Amino acid sequence: MIPVRRRLTLVGTSAMLVVLLATGLAGPVGAASADTLGSELMRLTNLDRAALGKSGLSIDSTLVGFAQGLAWTCPGTTMVLAGRSVDMARRDYFSHSIKSCLKPDGTTYGSLDVMAVAFHYSTTRGENIAWNKGYSTSTTVGYGTGCALGVSGTNPSGCKGSTSTVQSVAIAQRGFMNSSGHRSNLLSDYDRFGCAAAIASDTSVYYTCVFSRGGPSSVVSDAVLPRVTSETGQGGSYPRGHARTFYATLSDNVGLRSGNVYLDGVRVKTWTFDGSVRSIRVSIGISATRMRSGYHTLVWHSVDTAGHVSTYNDGKVRFRAY
């Protein structure tokens, strides 16, 4: 028996059915990449579409990355997560909602939210996810293309055509084609997609396909925000007439372009980098001689090569002069 759960998601003004398919037994405890399996899933999807008179979907490298293991920052936080298949396999969950990635109202970001917010795919979009265990990731079997809804087996009679593929991929794709919600996503009028897979340490395979009608409003090559960490001086009290040096570490997964520090909203120092620096300790000396008594705020910003600015509260330091 293949348990299926469905949920209805509104995307813009259109209603998009987003579904998930589960097959197998226990959940994972770790993950490894399996790009060839994702490539096979994309090939089968376009074969099924062609067999049923649908045009093929273009492979979108950003969507492939988000489906597999591309790093991105949960909006409004400093939590860096992997793409869908790797994240689900690595963190032992199976859902369209991103585990522990919370919106300001306490609800959980879904994958379609992240496609819009982090990767700027804000048109109609959808996702299919599946996992299975106990099927070979190397042995090939026959797969029937363009089959009717509800047929049994990976290569039943009466289908439009057939091909050979890896057994685990055939099981996942047949499950998609035998579920009305998944099938709707596979055969809908999207124009691009990306599929991927990740193998968990217990050999479960997690599959993800994400779809979009139209591309992003702007291309995102780096979805991980830069960081400001290890700031000094938080909550300190400094007498007038004395100087104090404050420190912070600026970092990014790709490279830094610049850094800034603001005192009470006024920029007081800027650093520039050539993009090869990924982490650097910076400092600024501040004298309390001319400061008014009371609390003051330093805000550190780091800017990466993609132009992202650190925006979370880890860059803010409050101290008191007296």
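That block above? That's the structure.
Residues numbered from 1 in each chain as written. Predicted model: local features only at pLDDT ≥ 70, side-chain atom pairs only at ≥ 80, totals over all residues. Heavy atoms only, no water.

Quick notes on the nonpolar core
At step 1: Counting 30 residues, the largest nonpolar core has Trp72, Val114 and Phe119 as its most contacted members.
At step 2: Elements supplying a minimum of two residues to this core: helix 2 (61–67), helix 3 (84–91), strand 7 (97–102), helix 4 (111–117), strand 9 (125–132), strand 12 (192–200) and strand 13 (205–212).
At step 3: In this view, Val114 contacts Phe66, Trp72, Ile98, Tyr109 and Phe119; residues no more than four positions away in its chain are not counted. (Core = buried A, V, L, I, M, F, W, Y, C linked by side-chain atoms within 4.5 Å. Buried < 20%, exposed > 50% of the residue type's maximum accessible area, 1.4 Å probe, protein only. Helix = DSSP H or I, 4+ residues; strand = E, 2+ residues; numbered from the N terminus. Contact = heavy atoms within 4.5 Å.)

Observations regarding the pattern of salt bridges
At step 1: By the definition in use, this model includes seven salt bridges.
At step 2: Measuring nitrogen to oxygen at the nearest pair gives 2.7 Å for the salt bridge that ties Asp87 to Arg91. Remark: Arg91 and Asp87 occur in helix 3; sequence separation between them is four residues, near one turn of the helix.
At step 3: Asp189 is paired through a salt bridge with Arg213; the nearest N and O atoms lie 2.6 Å apart. Here Arg213 lies in the loop between strand 13 and strand 14 (227–229) and Asp189 lies in the loop between helix 6 (180–187) and strand 12, a separation of 24 residues in the sequence.
At step 4: Among the residues examined, Arg213 registers a relative accessible area of 33% and is labelled partly exposed. (Salt bridge = Lys/Arg side-chain N within 4 Å of Asp/Glu carboxyl O.)

A look at the pairing of strand 17 (residues 256–263)
At step 1: Among the eight residues of strand 17, six are classified as buried, and the element is accordingly described as predominantly covered.
At step 2: Here strand 17 pairs with strand 20 (residues 294–304) via seven bridges, running antiparallel. The residue bridging Tyr262 from the neighbouring strand is Val299, located in strand 20.
At step 3: Relative to strand 18 (residues 266–272), strand 17 runs antiparallel, the two being bridged by six bridges. (Pairing = 2+ DSSP bridges.)

Regarding the state of the cysteines
At step 1: This model, assessed by the stated rule, comprises three disulfides.
At step 2: Covalent S-S linkage joins Cys147 and Cys159, the inter-sulfur distance amounting to 1.9 Å. Its S-S torsion of about 105 degrees marks the bond between Cys147 and Cys159 as right-handed, since a negative value means left-handed. Taken together, the residues Cys147 in the loop between strand 10 (140–145) and strand 11 (161–166) and Cys159 in the loop between strand 10 and strand 11 connect sequence positions twelve residues apart. For the pair formed by Cys147 and Cys159, the shared burial category is buried.
At step 3: A sulfur-sulfur separation of 2.0 Å characterises the disulfide bridge that pairs Cys195 with Cys209. Across the S-S bond linking Cys195 and Cys209, the dihedral sits near 110 degrees, which makes this disulfide right-handed. With Cys195 in strand 12 and Cys209 in strand 13, this residue pair connects regions lying 14 residues apart in the sequence. Judged on exposure class, the residue Cys195 and its partner Cys209 are both buried.
At step 4: Along the chain, the cysteines engaged in disulfide bonds are linked according to the scheme 1-2, 3-4, 5-6 when indexed in sequence order. (Disulfide = S-S within 2.5 Å.)

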